[in-house]
Every structure is written in structure tokens, then in C-alpha cells.
Amino acid sequence: MRRLRAIDAAFLYAETDAAPMHAAALQVFEPAPGGEDFFRSFRAQLRERLALLPYLHEHLHETPLGLDHPVWVADTRVDLARHLRLDRLSPPGSLAQLSRLAEQLYPPLLDRSRPLWEYTVIEGLERGRVALFGKAHHACLDGMAVQATLETMFSRTPGASLAPRVHEQHDREPGAITLLRDAFAHLGEQPERSLRALPDLARAARSLVERAWERRAGPSTPHTRFNVPVSAERRFEVASVSLERIRAIARAEHVSVNDAVMAACGGALRSYLAERRELPREPLVAFAPVSLRPRGDTSPGNQVFGMLSSLATDVDDPLQRLRAVHASARDAKALVDELRPVAPSDFAFPGAAAVIPALVHLVMALHIPERAPFCNLVISNVPGVPHPVYMRGARMIAEYPMSIVTNGVALNITVMGVEDALDVGLVACARAVPDLDALRDALVESFRELEKATAPREAIRA
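First, a word on scope: everything that follows refers to the structure included in this document. Here the structure is a predicted model, which is why all the values come from computation and not from measurement. (Residues numbered from 1 in each chain as written. Predicted model: local features only at pLDDT ≥ 70, side-chain atom pairs only at ≥ 80, totals over all residues. Heavy atoms only, no water.)

**Observations concerning the pattern of salt bridges**
Phase 1 of the analysis: In the structure shown here, the tally under the stated rule is 29 salt bridges.
Phase 2 of the analysis: The salt bridge partner of R3 is D182, with a shortest N-O separation of 2.7 Å. With R3 in strand β1 (residues 2-3) and D182 in helix α6 (residues 176-213), this pair connects stretches of sequence that are 179 residues apart.
Phase 3 of the analysis: The class of R3 is buried, set by a relative accessible area of 13%.
Phase 4 of the analysis: Under the relative-accessibility criterion, D182 is labelled partly exposed at 29%.
Phase 5 of the analysis: With a shortest N-O distance of 2.7 Å, D435 and R276 are connected by a salt bridge. Of the two residues, D435 sits in the loop between β15 (421-429) and α12 (436-454) while R276 sits in the loop between α8 (257-275) and β9 (285-291), which places them 159 residues apart along the sequence. (Salt bridge = Lys/Arg side-chain N within 4 Å of Asp/Glu carboxyl O. Helix = DSSP H or I, 4+ residues; strand = E, 2+ residues; numbered from the N terminus. Buried < 20%, exposed > 50% of the residue type's maximum accessible area, 1.4 Å probe, protein only.)

**Structural notes on the packing of aromatic side chains**
Phase 1 of the analysis: Throughout the structure, instances matching the rule amount to seven aromatic pairs.
Phase 2 of the analysis: Here F29 and F38 contribute two aromatic rings whose centre-to-centre distance is 5.3 Å and whose plane-to-plane angle is 50 degrees, an arrangement assigned as tilted. In this structure, F29 and F38 share a single accessibility class: buried.
Phase 3 of the analysis: Ring-pair connections join several aromatic residues into one group, and the members of that group are F29, F38, F42, W117, Y119 and F154.
Phase 4 of the analysis: The ring of Y272 is capped by R276, whose NZ or CZ atom sits 3.8 Å from the centre of that ring. (Phe/Tyr/Trp six-rings, centres within 6.5 Å; stacked < 30°, edge-to-face > 60°. Lys NZ or Arg CZ within 6 Å of the ring centre and 35° of its normal.)

**Examining the nonpolar core**
Phase 1 of the analysis: With 115 residues, the main nonpolar core has F42, Y55, W117 and I122 as its most contacted residues.
Phase 2 of the analysis: The residues touching I122, leaving out its near neighbours within four places in the chain, are L26, D87, L89, L98, L101, L105, V130, A131 and F133. (Core = buried A, V, L, I, M, F, W, Y, C linked by side-chain atoms within 4.5 Å. Contact = heavy atoms within 4.5 Å.)

**Thoughts on the pairing of strand β8 (residues 234-242)**
Phase 1 of the analysis: In terms of burial, β8 is largely enclosed, as seven of its nine residues are buried.
Phase 2 of the analysis: As judged from the nine bridges shared by β8 and β15, these two strands associate in the antiparallel manner. Residue pairing across strands places S240 opposite D423, the latter belonging to β15. (Pairing = 2+ DSSP bridges.)

**Re empty space enclosed by the protein**
Phase 1 of the analysis: In the structure shown here, the tally under the stated rule is one cavity of 30 Å³ or more.
Phase 2 of the analysis: There is about 40 Å³ of room inside the largest cavity.
Phase 3 of the analysis: Lining the largest cavity we find R82, H83, L110, D111, R114, P115, W117 and E118.
Phase 4 of the analysis: When grouped by side-chain class, the residues that make up the lining of the largest cavity number three nonpolar, one polar and four charged. (1 Å grid on protein atoms, 1.4 Å probe; cavity = no way out; pocket = protein on both sides within 12 Å on 5 of 7 lines; lining within 4 Å. Points joined across faces, edges and corners; volume = space filled by probe spheres on them. Nonpolar A, V, L, I, M, F, W, Y, C, P; charged D, E, K, R; others polar.)

**A few points about unusual backbone geometry**
Phase 1 of the analysis: The peptide bond linking P91 to P92 adopts the cis configuration, its omega dihedral lying at 10 degrees.
Phase 2 of the analysis: Mapped onto the elements, P92 comes out in the loop between β5 (84-88) and α4 (95-105).
Phase 3 of the analysis: Of note in this structure, L65 is not a glycine but carries a positive phi near 65 degrees.
Phase 4 of the analysis: Look at L65 and you get exposed, because its relative accessible area is 81%.
Phase 5 of the analysis: A positive phi angle is found at R127, which is not glycine, with a value near 60 degrees.

Following this line, the structure appears as C-alpha cells:
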């Protein structure tokens, strides 16, 4: 039995039918010639690795009376038939068709009585390819942890690697007395933990006041079409760009790859909104998750903070925009470093599991995220795998992330690296951004403009 930390439980508390809190990924594989059936092969792979990945075999158990956050209970006897499905595209099996199917597979909430994940194997893709559409609740793991699971779920070589033997742990279903005893012990730790954090909290508060006084605490956020209540219907578009070309852009201006990605997103949003006569005078603001994981940490759960950064959408020149984004990100990172010691990951109080969801839903009912947006969208850059990844001979050639949108933040752009490419997944509420394909095309063009401005060469291909 393992209790959820507050940051993990927050994704459960914030979930609604219109705003699922699971993240997904669309992975495309190139099967080996004459290879075994992908569905049967992947089912065997799942069964073999079930005990190695906690999120695959842990289910939720609520604490009586909502006294504390829920707990994870381990059981490797998972019925795979309830988690693994098979689907098929009709000819020609294009990437656009695959995106439309992902839009249908994404919205249904995961069943909280079972481990919070699903996989759909999708056949019928052009050129004999196969796709995996995987969903996992954000309460289970963050983006960095998701990527870390690739090393366990799959292998670096085409041959079928054997999973190491582990002792299969089956937790007994905890009774009310056990849950209450554990909850009281957890709650009893909170006062001492809070006292230890006071010096760091004081320093962080002073830093925030000083920055606010200097008007450097962060950019103000304009209202856009992305800052509205969301419906359950999603739009999903994908693209791939050359990682080496993005690195060339970053090297030319002595900035980071993430700066180049943010600047390209800024250029795309500027073009998209200007064409619709909706471009605000103030620059758009992106929320960018920041990992707090030490190098090599593959533990489950969430270890993330975040920063607010200007996308310089008020700047027309792509090179000047890149420099402005870099400067804003540099200031945001400095603030994150100051606040990192007090980054909230685990806190609790009696009745937290009942009070926090009620407060969250009250905030949503009052439309506070839409009326006073703290950001316009989420942009996440998840470091990928620089080496090939195989599923029993089938090579993964793309991984398109499909992340979370919620009330007040109806657009999410996430990029993941796979070998020498950056795969981009754009997700939006269909009501807020019905023409997401236009924004995808604008993003590809924005990368081209940045490349031309920094080091003219052959254009990036979508």
C-alpha cells in the first residue's frame, strides 16, 4: 500500500467528464518483415512486464471519510482483457485517420476501480505499420516517468528481451482500520514538515515580493480563445521536425532547444491569431512544466514544478522573437530555482480528499480560470529516447503525445524526442480550436522561418 502525494492526488481531484486528467501517446511502429502478430506479441510483452511497472498493477483505494489522499494497492493479477483493445483503420490508413481515431479514444475517463491505464493496438496503417494508443492517468506518473517506462516496456534491440524476474507483490485490500491508522500517521507528520519548510518559504516569499516590486515576477496574461471552458470533444494534430535542425537553430543564437521550440510556438500562435484578427497586444504566456527529478530517477508519481514564460507573440521578426523568448525563459528559470525548495509535492490536512475537490469544482463553477487566466496554453518539452526502441522486432518510428487541456487552458502543445526527430502533439478543445490543423501548419512554417533566420538551408519538412 502506498499513499498518493498531494501533487498526484490533485489530478484526481481536478478531473471532470469534460476535462480528463489522463495523458496519452500515439506510438507508430514499423514491424519487422515476417514478424509475429503485433497484438498477440504486445499482449505477451504486457503480461511479462506487468510486475515491473507499478502503474500497470496498482489500483486506487479511498481513505474512509475522505480523511486523507487515496492509496495505491498493488495486485499483479490484472485482467488484460479490460485494458488492451484492438482497432483497425480503413484504407488508406493515413496519419490523419490515425489522429481522428485518437480523438475518439481519448475522452472516456479511466475506470478508477482498476489500474488507471489502457492500450489500443491499431492496425491497418499505410505501409503495413502498426500503432499503439496508450492512456495513463497523470496521478500515476509524469512525462519524464512515462519516457522512463519505455526502457522497461520495450528494448533497445530488435530481439525480444527477457524481463528480469521479480517477486510479485500482492497487497491485501486494506481495511478501514488500516487506512485510518495510516492516514493519522501521515497527517501527524505534517506540522513538523511545515515547520522545517518555514525558512525556505520565507525566502521564497521575499523573492516573490522583490520581483513583483521590480515588475519581474512574470508576464501578464491576455485573454484569448484558448482561455474558455472546455468540452469533452478534442482535436488532435501531429507533426515531426528534425531534432538536428532545431539544435542548429539553438546553436546559432546560443539558446536552448526548448527556447527554439517555445519561439516556434510563439510564431505559430502569432500567425494563427493574427489571421483571425484575434492577436492581443500583450504577448501570450505559456506554462511550461519543469521536472524536479534527479538524473536516473524512474520512480512513479509526479515530480514537477512549472514556469510562466512569454512567447513574444507581439514581436514580428522571428530572430528577435527567439531572443525575447530566451530572455523571458531565463528569468522564469531563475525564479523556479528560487522556488524549487518549496515546490509543493506532498501536503495533507484532515478531510483533504473531500475538501480539495469541492474547492476545485467551486473555482471551476465560478469560471475563475477563464476570467483570470494565469497562462494561455501549456507547452511541454519532454526529453525523449536518443536510441532506437523496439517491441519484439517492431521499431518505434514516432511518438506523438496527447496531453491534458482543462477549463481556462484549452490548448496544449507537447513535444517528445524519438531518435533524431522531435514529434509534436497538438491537443485542443474542439469547440475552442476547431481548425487545429491550421495551427499545426503554422507551427511547421514557424520552424522554417526560424531556420531561415538563423542558418538558411533546406526547409524543415512536416
